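# Residue-level structural notes
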Number of protein chains: 2
Amino acid sequence: MAKTRQSTQLQPQPLYKKAELEMTGRIASGRWKAGSILPNEFALAEEFGISQGTVRKALMAMEARGLLSRAPGRGTMVCRTTPEESLYAFFRLRDAEGAMVVPVLRTESIEIGEPTEAERAVLGQKCARVARLYRVRENEGRPFVLEHMSFDAARIEGVADDSPLPSSLYPYLHDRFGMFIVKVHEEVTADVAPEDVAQALEIAPGTPVLRTKRIAHDLSDRAVELRQSWYRTDFASYQVELSRSDS
Amino acid sequence: MAKTRQSTQLQPQPLYKKAELEMTGRIASGRWKAGSILPNEFALAEEFGISQGTVRKALMAMEARGLLSRAPGRGTMVCRTTPEESLYAFFRLRDAEGAMVVPVLRTESIEIGEPTEAERAVLGQKCARVARLYRVRENEGRPFVLEHMSFDAARIEGVADDSPLPSSLYPYLHDRFGMFIVKVHEEVTADVAPEDVAQALEIAPGTPVLRTKRIAHDLSDRAVELRQSWYRTDFASYQVELSRSDS
DNA sequence: AAGTGGTCTAGACCACCCT
DNA sequence: GGGTGGTCTAGACCACTTA
């Protein structure tokens with residue numbers, strides 16, 4: 001029966017990988033929008049000219065990456081980053097009991113300007129103007145983090161008109177500009193609060209603070225955000241789970 | 001042909017999950033030792049009374065967790081935590097260029113004592129004695145981290161006889177005591193160096209340092225180590241990659 | 001040359017969700 | 001009741017490692 005093996009195994013890329021790249025591209029380009037339901041496995045298989053099992057392998061990999069949500073009876077859906085819950089995918093601050101602190105937005109300001117050398121190095125040499133977003137968040141009435149974010153202004157044209165932006169920035173960027181951030185690199189260090197940070201966080205200058213530098217990447221693995229944050233350490237700390245296998 | 005579907009789908013656990021648990025248990029118990037080659041997929045399938053494809057699904061999940069290493073022609077091997085390279089699965093300190101710092105062991109001391117309340121809370125109430133390991137590591141001749149580690153002494157009986165221990169502690173624990181650490185929770189905060197830490201790290205008291213608290217878990221998900229570390233921040237920082245999907 | 005895992009296909013039954 | 005993904009099986013060809 002299974003005689004017609006076309007034996008096109010010469011491809012450097014396995015078929016399931018090609019299917020995954022194709023489908024990831026459709027999400028990145030906005031052709032498949034967040035929340036929409038994909039065609040079923042057999043339809044995709046026919047479209048790609050591969051078998052249903054191979055499509056499934058690609059779909060399951062994308063589900064594992066958090067791009068898709070699958071359920072029997074319902075189908076396969078493009079994940080929405082949207083609701084507040086899902087936003088905190090990259091928010092690692094927890095209190096002493098391990099509970100997530102609720103970071104309520106207190107102040108926000110936006111400016112457009114010339115990129116610095118550091119910003120250009122991250123966002124790309126072609127970046128002509130940067131949009132900078134400054135925020136202070138509070139928890140239970142006390143300020144606890146100051147955030148400085150930089151984006152290529154061309155990629156989020158008109159952002160200033162929406163200010164104040166939603167507290168959950170990434171779902172907003174996804175819905176408004178199709179900027180889907182899926183991975184961030186974060187660098188954590190200890191520092192003493194400089195004057196301006198101390199003032200924003202309402203602590204004495206010289207108090208130790210956590211300082212993080214983040215580079216966020218979109219679906220195409222482009223660096224799209226540069227962020228620096230200063231955290232008070234008196235009621236929350238930075239917590240992560242590390243496993244063998246994530247090198 | 002495929003008529004004999006026993007339809008025993010009433011099981012709450014899928015067959016591949018049961019196979020994975022069984023095989024994980026064999027590694028945890030030492031029945032399958034690090035570095036050894038497993039029987040091939042068909043042999044395992046016959047032993048478990050399931051098909052080769054189902055065994056493969058379990059094996060691939062274990063490979064993704066970093067427990068197994070698979071390669072065509074060679075077979076499936078239980079990962080060794082051993083060589084220096086692999087040890088640093090949980091070591092997150094990188095210099096400004098993102099290169100891993102080489103943490104050379106400078107001093108080490110071991111003591112056995114009564115568990116504190118905090119140690120008992122993590123290591124278990126049945127823990128009667130704790131083995132504490134104190135280390136200072138240096139990089140390019142400069143001390144940069146002070147580590148305090150606590151274990152249930154009963155689980156690493158005789159550890160003091162091996163002092164000084166290898167620089168890479170986890171491979172040693174794996175080989176010597178079958179303690180296979182696969183996951184750690186780490187909590188990072190900023191602090192000013194207390195007197196003793198400052199002395200060990202050769203910095204002025206009051207200098208800001210990164211302080212991390214780690215709880216390490218073995219294959220059975222037991223908390224087996226409590227560790228507190230203080231890092232100088234002048235030539236390395238704590239760096240992590242975060243992805244959507246790891247909640 | 002023999003044996004392994006990697007890829008791919010085809011098809012079965014099931015639980016579940018929706019209308 | 002029709003359709004979806006979840007599970008499981010069976011079998012094919014391939015590239016690679018090892019000896």
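Residues numbered from 1 in each chain as written. Chains lettered and ligands numbered in written order. Predicted model: local features only at pLDDT ≥ 70, side-chain atom pairs only at ≥ 80, totals over all residues. Heavy atoms only, no water.

## Digging into the relation of the copies chain B and chain A
Short version of the rule: A least-squares fit on C-alpha atoms brings the copies together, and the residues used are those whose pLDDT is at least 70 in both copies. Note on contacts: a residue pair qualifies if any of its non-hydrogen atoms lie within 4.5 Å across the two residues.
Superposition of chain B onto chain A requires a rotation of 180° combined with a translation of 0.0 Å along the rotation axis, giving an RMSD of 0.1 Å. The relationship between the two copies is best expressed as a two-fold rotation axis. Scanning chain B for the C-alpha nearest the rotation axis identifies B:Ala190, at a separation of 2.4 Å. Mapped onto chain A, 100% of the interface residues of chain B are again interface residues, and the two copies thus contact each other with one and the same surface.

## Brief notes about the protein's contact with DNA strand C
Definition in use: Nearness here has a simple test: a residue counts as near a molecule or strand if at least one of its heavy atoms is within 4 Å of that partner. Polar contacts, as counted here, are pairs of nitrogen or oxygen atoms within 3.5 Å of one another; within protein the pair requires one atom able to donate a hydrogen and one able to accept it, and residues that are adjacent in sequence qualify only if both atoms are side-chain atoms. The numbering of helices and of strands both runs from the N terminus, where a helix is a DSSP run of H or I of at least 4 residues and a strand a run of E of at least 2. As a working rule, the residues Ala, Val, Leu, Ile, Met, Phe, Trp, Tyr, Cys and Pro are called nonpolar, Asp, Glu, Lys and Arg charged, and the rest polar, with Gly in that last group.
Around DNA strand C, the structure places 21 residues, and the nearest of them are A:Leu15, A:Thr54, B:Asn40, B:Arg56 and B:Arg70. The protein-proximal atoms of DNA strand C, defined as those within 4 Å of the protein, are 77% sugar or phosphate. At 2.8 Å from a base oxygen of DNA strand C is found a main-chain nitrogen or oxygen belonging to B:Gly73. Of all the secondary-structure elements, those providing two or more residues to the surface near DNA strand C are helix H1 (15–28) and helix H3 (52–64) of chain A together with strand S1 (68–71) and strand S2 (75–78) of chain B. Along the lines of polarity and charge, the residues of the surface near DNA strand C split into seven nonpolar, nine polar and five charged.

## Section: the environment of B:Ile27
Residue and element names in this part refer to chain B. The criterion, for reference: For every residue, the accessible area (1.4 Å probe, protein chains only) is compared with the maximum for its type, and the residue is labelled buried under 20%, exposed over 50%, or partly exposed between those bounds.
Within the fold, Ile27 resides in helix H1 (residues 15–28). Classification of Ile27 by relative accessible area gives buried; the value is 6%. In sequence terms Ile27 and Val78 are 51 residues apart; their C-alpha atoms lie 7.7 Å from each other. Setting aside anything within four residues of it in sequence, one finds Ile27 in contact with Trp32, Met62, Leu67, Leu68, Val78, Phe180 and Leu219.

## Considerations on unusual backbone geometry
Omega for the peptide link from A:Ser163 to A:Pro164 comes to 0°, which places this bond in the cis form. Relative to the elements of secondary structure, A:Pro164 occurs in the loop between strand S6 (142–152) and helix H6 (169–177). In this structure, A:Glu202 takes a positive phi of about 60° despite not being glycine. Mapped onto the secondary structure, A:Glu202 falls in the loop between helix H7 (195–201) and strand S8 (208–218). Positive phi is not limited to glycine here, since B:Glu140 has a value of about 55°. In this structure, B:Glu140 sits in the loop between strand S5 (130–139) and strand S6 (142–152). When its relative accessible area of 68% is taken as the criterion, B:Glu140 is described as exposed.

## Examining the pattern of salt bridges
Here is the rule: A carboxyl oxygen of Asp or Glu within 4 Å of a side-chain nitrogen of Lys or Arg is what we treat as a salt bridge.
Under the criterion given, the structure shown has 48 salt bridges over all chains. Between B:Arg142 and B:Glu140 there is a salt bridge whose closest N-O contact spans 4.0 Å. The exposure class of B:Arg142 is partly exposed, given its relative accessible area of 36%. Between B:Arg227 and B:Glu147 there is a salt bridge, with its nearest N and O atoms 3.3 Å apart. Taken together, the residues span a long stretch of sequence, with B:Arg227 in strand S9 (residues 223–231) and B:Glu147 in strand S6 at a distance of 80 residues. Each member of the pair, B:Arg227 together with B:Glu147, is buried. Within the structure, one salt-bridge network assembled from shared partners comprises A:Glu41, A:Arg56, A:Glu63 and A:Arg70.

## Comments concerning helix H2 (residues 41–48) of chain B
All names here are of chain B. Where we set the bar: Think of it as the arc spanned by the lines of direction from the helix axis to the C-beta atoms.
Burial in H2 covers these residues: Glu41, Leu44 and Ala45. Looking straight down H2, one finds its buried side chains confined to an arc of 100°; they lie on one side. Seen from the buried face of H2, the exposed residues on the opposite side, beyond 90 degrees, are Phe42 and Glu46. As for H2, its buried residues are in contact with H1, helix H3 (52–64) and S1. Where H2 starts, the residue carrying a side-chain oxygen 2.9 Å from the main-chain nitrogen of Phe42 turns out to be Asn40. Within two residues after H2, Gly49 carries a phi angle of roughly 70°, on the positive side.

## Section: the sheet that holds strand S5 (residues 130–139) of chain A
What counts here: The pairing criterion for strands is at least two bridges between them, as found by DSSP.
The strand order across the open sheet formed by eight strands is S4(A)-S5(A)-S6(A)-S9(A)-S8(A)-S7(A)-S10(B)-S3(B), and the pairing between neighbours is antiparallel. Two strands in the sheet have a free side with no partner beyond their single neighbour: strand S4 (104–113) of chain A together with strand S3 (93–94) of chain B.

Just geometry here; none of it tells us what the structure is for.
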